[in-house]
Structure formats: C-alpha cells, structure tokens
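Structural overview for review
Single-letter residue listing:
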Amino acid sequence: MTDKPVRSKDNFLVFGSPAIEEDEIQEVVASLRSGWLGTGPKVARFEKDFCEYKNAKHAVAVNSCTAALHLSMLASGVGAGDEVITTPMTFCASVNAIIHSGATPVLVDVESHSMNIDPEKIEAKITPRTKAIVPVHFAGRPCEMDAICDIAKRHDLRVIEDCAHAIETEYKGTKAGLFGDFGCFSFYVTKNVITGEGGMVLTGSEEGAARIKVLALHGMSKDAWKRFSDDGFVHYQVTEPGFKYNMMDIQAAIGIHQLRRVEPYWQRREEVWKRYSEAFADLPVGIPAAPEADTRHGYHLYTLMIDERRAGISRDAFLAAVQRQNVGAGVHYLSVPEHDYYRRTYGWKPEDYPHAKRIGRQTVSIPFSARLTNEDVADVIEAVRRALKH
C-alpha cells in the first residue's frame, strides 16, 4: 500500500457530514433576527410540510426520534408490566424508549439479508404481556410490514415504526411511518433530512397527536402551545407530568428547506449507492442486498460486511486502515445484546441472536450522503481498496 493517504489530513472526509445550502443559513439567520427561537410558526410549518410529504393526517415535531418513540409508547398505553418487541440490530434509543416507558424490551433476531426484524420469529416471542411491536427500517430498507401488521392485528398489538433511517422509504406503495399507530422520524445531523437535532411523530389518530403534543411540553394543556402565537396571553393547566421534548423554530428553519430537497438528495444517494455496489462487487466483502421489488429504499446507510476469514483483515483493522486514508467510517451497530448494561439487566446473550451478532461484529458504514462529490466517492472507493490490500 502506498504511504501517501488518499486524502490529506486537512481534507479529512467526515462521516455523515450533511448537505447544507444557503437557504437553510438564511432561514436560521431570519429566525435569529426575529428573536423567535423557540417553538413557533416555523415548527408548525415544518409539521405541515412533513405531513404533506408523507400523506399523513397528523404530525408533531419533537427534539429527537428518541423523544418521538418514548411519547408514542406512552400514547399507545405502554407502561409498567408490558412487553414490547423490537430488533437487536438497532441504535440503543429504540430499546431505551421502551425502558423509559416502564415496559420490558423483548428482542427478535433479524433476517440475514435485510438486517430487519424477522417476522417469522415474532409470534414465538409474544406473551400475554406483549403490548406493541417496534419494527426498525434499518439503513432505509423497509421491514416486511404486511406480515408485521397482520401479526399485530391478530394479537391486538400496537405498531410503532422506528423510521429514523426511513424518511423516503416506501413499502408496496405506502410510505414508511404510515403502517402503524405511530411513525417516528429522526432529523439528527447524519440523517437524510436534518435539523441538527430533531424528530417527528406521524399518526392517524387525532387523539394520539394531541396527547403527544401535551406530553412533549411538560404535560401542559394544549392551550399552552398558543403561548407561542401572537394571539395574546393564554392560561394553561398542567394535566400530567410531561417532558421537555418540543422542537425549536431555529431547528425547523433548517428542516423546512432540507425537506424541499428530499427528492434530489435521495436521487444523489441512489447514484452513489450504485457506484459503490459496482466498485465493490469484485472485492472479498459483503455489500448491501439490492432493494426488494415494490419497495423504495431510503438509502440512508451504505454498509460493508468485513468477514475476516474472507477479507483477510478484521473489521476493526479495516476501520483503522480506512481512517488512515483520512476517510471517515463508522459502525452501525453492535447488536444491542453486545452492550454490558442490557446483558446485566436482561440476561441477553449475543449468541441468541446470531444474525444480529454477526452483522454487528462485521459491519462498517462508509461515507454516504448527498454532499459527496464524485471525487469524494472515488476517494472512498480507493480507501476501501487500499485497506483490503493492507
């Protein structure tokens, strides 16, 4: 391997760096100049725009997808003594939201090819205490929602979709987030649409949306949101102990313009996805499966599977080798049972979820965003090739 890195240190390719354009900058500046930084008209506008994009009935903007999941649990009636089924191949927030609601998380292993929860294994984990299923559309690939919704209907379970990776995702003509009782989205800085920090809940239930809106602002009555309008002072009542989960206008100012470019950004990521898949087809690594028929992949992550026996290098050594080329990379994710807290608390063993264990120990996420130039993509490809030669 040549001694000279693909990129210089002062030109390090940051993993997950978002595409920010002048419209977002000017909208944030306008918010700063207005003095209205908290929840206000721009949050309402972002909720309306996202509802229209997703063809949803109701949307509530919050400060993270974690908050969205937590509030959706509570609005679904999930609480102490209940069990909620989800996947071990996810970020810890999916499981933590269940724990914060007072319920017990129950894991079902993933399919090897899709990395999504395996519907065929769900029913074996259902007990009289099971209250909900939380499918996670991993990396933007939709879960098998027909099977999951059928199981939920037969067992009278709520479905709360974790759509943190799935803003553009569709399954058989229906957009992710519209299958279940609630759909939860992330606008974190590495996501396909960003607000820096932020989240959204979609629901078809007017009552559910109203409850989430109350819970997101300290449990104050819905009239409390009118404090953020110019209609004059409105008294409010605290109806239950809620949370400080509301989104700010300064965040929504970014999201409004990000959402307008959601399609061209998706198209650019599709181009990069195809270029990566062609470039890596001859390498001793695993690449993502092609999108399934009658679905739309959100193209959120591009993951390589590094099997040391096949690649001749360990996953962590590969990561280090790519980083030495001044190209950022990440791990999405170690399976949930790998983490010490969950093993101690729930007695979970990684070997009980073999597909998630393998994926979590082999996966590497490489730079993948609409911001990448063709030169950036070429550098990533070269860095991967050099790492494998090393």
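Figured I'd write up the structure that's included with this text. Note that the coordinates shown come from a computational prediction; the quantities given were computed from them, not determined experimentally.

**A few points about the packing of aromatic side chains**
The tally for this structure, following the rule as stated, stands at 21 aromatic pairs. If you follow Lys-175 out to its NZ or CZ, it ends over the ring of Tyr-53, 4.8 Å from the centre.

**Things to note about the packing of helix α3 (residues 65–75) against helix α4 (residues 92–100)**
Two elements in contact, α3 and α4, have axes whose closest approach is 9 Å; the angle formed by their N-to-C orientations is 35°. α3 and α4 meet at a crossing whose hand is right-handed. Contacts between α3 and α4 involve Thr-66, Leu-69, His-70 and Met-73 on the former and, on the latter, Ala-93, Ser-94, Ala-97, Ile-98 and His-100. Of the residues contributing to the contact of α3 with α4, the split by class is 5 nonpolar, 4 polar and no charged.

**A few points about the state of the cysteines**
All told, the structure shown has 0 disulfides when counted by the stated rule. Cys-163 carries a free sulfur, and the closest cysteine sulfur to it, the one in Cys-184, is 7.1 Å from it. Looking at the unpaired Cys-184, the closest cysteine sulfur is the one in Cys-65, lying at 5.5 Å. Residue class for Cys-184 comes out buried when judged on its relative accessible area of 0%.

**Some thoughts on the pairing of strand β9 (residues 199–203)**
Within β9, 5 of the 5 residues are buried, which leaves the element mostly enclosed by the surrounding structure. On β9, burial covers both faces: Gly-199, Val-201 and Thr-203 on one face and Met-200 and Leu-202 on the other are all buried. In this structure, strand β1 (residues 58–62) lies alongside β9, joined through 5 bridges in antiparallel fashion. Note that in β9 the partner of His-58 across the bridge is Thr-203. Relative to β9, strand β8 (residues 182–186) is paired through 4 bridges, and the arrangement is antiparallel. Bridged to Ser-186 within β9 is Gly-199.

**Here's the deal with helix α1 (residues 22–34)**
Here α1 spans 18 Å end to end across 13 residues, near enough to the 18 Å set by a 1.5 Å rise per residue. All of the buried residues in α1 are Glu-24, Glu-27, Val-28 and Ser-31. Projected down its long axis, α1 carries its buried residues within an arc of 100°, all on one side. On the buried face of α1, the contacting elements are α2 (41–54) and α7 (249–260). Note on α1: the residue one or two positions beyond its end, Gly-35, has a positive phi of about 80°.

**Examining the side chain of Thr-195**
Note that Thr-195 resides in the loop between β8 and β9. Separated by 2.7 Å, the side chain of Thr-195 and the backbone oxygen of Glu-197 make a polar contact.

**Here we look at the sheet that holds strand β2 (residues 83–86)**
Judged by pairing direction, the sheet is mixed, and its 7 strands sit side by side in the order β1-β9-β8-β5-β4-β2-β3 without closing on themselves. On the outer flanks of this sheet lie β1 and β3 (104–107), each paired with one strand and no other. Going across the sheet, the axis of each strand differs from the next one's by a mean of 25°, ignoring polarity. Taken together, the 4 bridges between β2 and strand β4 (residues 130–134) define a ladder with parallel strand orientation. Residue Glu-83 lies in a different strand from β4, and its bridge partner there is Thr-130. In the packing of α2 onto the sheet, contacts are made with β1, β8 and β9, and the angle to β1 comes to roughly 135°.

**Describing the environment of Met-248**
Among the structural elements, Met-248 can be located in the loop between α6 (206–215) and α7. For Met-248, a relative accessible area of 36% corresponds to the partly exposed category. With 29 residues separating them along the chain, Met-248 and Gly-219 place their C-alpha atoms 17 Å apart. With residues up to four places along the chain from it excluded, the contact list for Met-248 reads Leu-37, Gly-38, Thr-39 and Val-43.

About the criteria used
- Residues numbered from 1 in each chain as written.
- Predicted model: local features only at pLDDT ≥ 70, side-chain atom pairs only at ≥ 80, totals over all residues.
- Heavy atoms only, no water.
- Phe/Tyr/Trp six-rings, centres within 6.5 Å; stacked < 30°, edge-to-face > 60°.
- Lys NZ or Arg CZ within 6 Å of the ring centre and 35° of its normal.
- Axes fitted to C-alpha atoms, helices over the stretch in contact; angles between N-to-C directions.
- Helix = DSSP H or I, 4+ residues; strand = E, 2+ residues; numbered from the N terminus.
- Left-handed = near helix turned anticlockwise from the far one by under 90°.
- Contact = heavy atoms within 4.5 Å.
- Nonpolar A, V, L, I, M, F, W, Y, C, P; charged D, E, K, R; others polar.
- Disulfide = S-S within 2.5 Å.
- Buried < 20%, exposed > 50% of the residue type's maximum accessible area, 1.4 Å probe, protein only.
- Pairing = 2+ DSSP bridges.
- Expected span 1.5 Å × (residues − 1).
- Arc of directions from axis to C-beta.
- Polar contact = N/O pair within 3.5 Å; in protein donor to acceptor, adjacent residues only side chain to side chain.

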